[in-house]
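# Working through the structure, step by step
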Amino acid sequence: MTHAASAAELESLLLTRSLDDPELAAATERTSDTRVLPDVSVVKVGGQSFIDRGREAVFPLVEELLEARSTHRLLIGTGGGTRARHAYSLAAELGLPTGVLSSVGSAVAGQNATMLGYLMARHGVPVVAGGGFDALPLSLSEVRAAIFAGMPPYAMWQPLPTRA
């Protein structure tokens, strides 16, 4: 029978063990998650699904997102789309590590976030990155939305997974 890890147990392990320690990993799995922004809805705007399709797809989406703010607080992530996929294929062909591929894709997702941000700026919706995430609760409280580049934060030199 497994038991839930207490905050004290987890804190003790975090202070005394390596982050790859199996006992620490098991205690982390047993600890319940804390929802930091429990009343926020996360929406992913696909690069291929919307941004790559231009004005015809993006302008109606912007209107829907603005309308949704009346009943939801929105954290809007953007994908990289076709441009990111092209860059991934070139970088993978060159054997670059996963972290480099992620950085390339994140740059494109960031461009898409910026473009969406320009379209929503007159409504006060900010684009957040890096240290800007510290102000996220304020943005979500005041304008009920914020935009970010929706790519996972891999380390720069994380190696490519081995192929089976």
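Okay, so let's go over this structure. Within each chain, residues carry numbers counting from 1 in the order of the written sequence. Only residues with pLDDT of at least 70 are given local features in this predicted model, and only at 80 or more are side-chain atom pairs given and counted; all residues enter the totals for whole chains, interfaces and linings. To obtain the side-chain values, all non-hydrogen atoms of the structure were used and water was disregarded.

Whenever a helix is involved, its axis is fitted only over the stretch in contact; in every case the axis is a line through C-alpha atoms, and angles between N-to-C directions fall within 0 to 180 degrees. Each helix is a run of DSSP H or I of at least 4 residues and each strand a run of E of at least 2, with the numbering of both proceeding from the N terminus. Their axes nearest at 9 Å, the elements helix α4 (residues 81-93) and helix α5 (residues 98-120) cross at an angle of 165°. Comparing their axes, α5 and α4 come out roughly antiparallel. Crossing angle aside, the handedness with which α4 passes α5 is right-handed. Taking contact as the criterion, the partners of R83, A84, A87, Y88, A91 and A92 in α4 are, on α5, L101, V104, G105, V108, Q111, N112 and M115. Each angle receives one of four descriptions, namely roughly parallel if under 35 degrees, roughly antiparallel if over 145, roughly perpendicular if within 65 to 115, and oblique otherwise. A clockwise turn of the near helix away from the far one marks a right-handed crossing, whereas an anticlockwise turn of less than a right angle marks a left-handed crossing. Residues are treated as being in contact if the distance between any of their heavy atoms lies within 4.5 Å.

It is worth spelling out the pairing of strand β1 (residues 40-45) at this point. Should DSSP find at least two bridges between two strands, the strands are taken to pair. Sheet topology note: the β1/strand β2 (residues 73-78) ladder contains six bridges and is parallel. Paired with K44 across the two strands is G77, which belongs to β2. By definition, the crossover connecting two strands over a helix is right-handed if that path, from the first strand to the second, turns clockwise as seen with the strands pointing away from the viewer. Running through helix α3 (residues 55-68), the crossover from β1 to the neighbouring parallel element β2 is right-handed.

Attention now goes to the packing of aromatic side chains. Classification of ring pairs uses Phe, Tyr and Trp, with its six-membered ring standing for Trp, and accepts pairs whose centres are within 6.5 Å; under 30 degrees between planes counts as stacked, over 60 as edge-to-face, and the remaining range as tilted. Following the criterion strictly, the structure yields one aromatic pair and no others. Where F133 meets F148, the ring centres are 6.1 Å apart and the plane angle is 70°; that geometry is what we call edge-to-face. Taken together, the positions of F133 in the loop between α5 and α6 (136-142) and F148 in strand β3 (residues 145-149) put the pair 15 residues apart, joining distant regions of the chain. Its relative accessible area of 36% is what places F133 among the partly exposed residues. Any residue under 20% of the maximum accessible area for its type is buried, any over 50% is exposed, and the rest in between are partly exposed; the area is computed with a 1.4 Å probe on protein chains only.

Another aspect to go through is the pattern of salt bridges. Put simply, a salt bridge is a Lys or Arg side-chain nitrogen that is within 4 Å of an Asp or Glu carboxyl oxygen. Tallied over the full model, the rule gives four salt bridges. With a shortest N-O distance of 2.9 Å, E9 and R30 are connected by a salt bridge. Taken together, the residues E9 in helix α1 (residues 7-16) and R30 in helix α2 (residues 22-30) connect sequence positions 21 residues apart. Given a relative accessible area of 23%, E9 falls into the partly exposed group. Residue R30 is classed as partly exposed on the basis of its relative accessible area of 24%. Across the pair D21 and R17 runs a salt bridge whose closest N-O atoms are separated by 3.1 Å. Here the residues in one salt-bridge network are R17, D21 and E23, joined through shared partners.

Moving on to the packing of α1 against α2. At a minimum axis distance of 10 Å, the contact between α1 and α2 shows a crossing angle of 150°. Looking at the two axes, α1 sits roughly antiparallel to α2. Seen from above, α1 lies across α2 with left-handed handedness. Here E9, L10, L13 and L14 of α1 come into contact with α2, specifically with E23, L24, A27, T28 and R30. Charged residues are taken to be Asp, Glu, Lys and Arg, nonpolar residues to be Ala, Val, Leu, Ile, Met, Phe, Trp, Tyr, Cys and Pro, and polar residues to be all remaining types, Gly included. Residues of the contact of α1 with α2, tallied by class, amount to five nonpolar, one polar and three charged.

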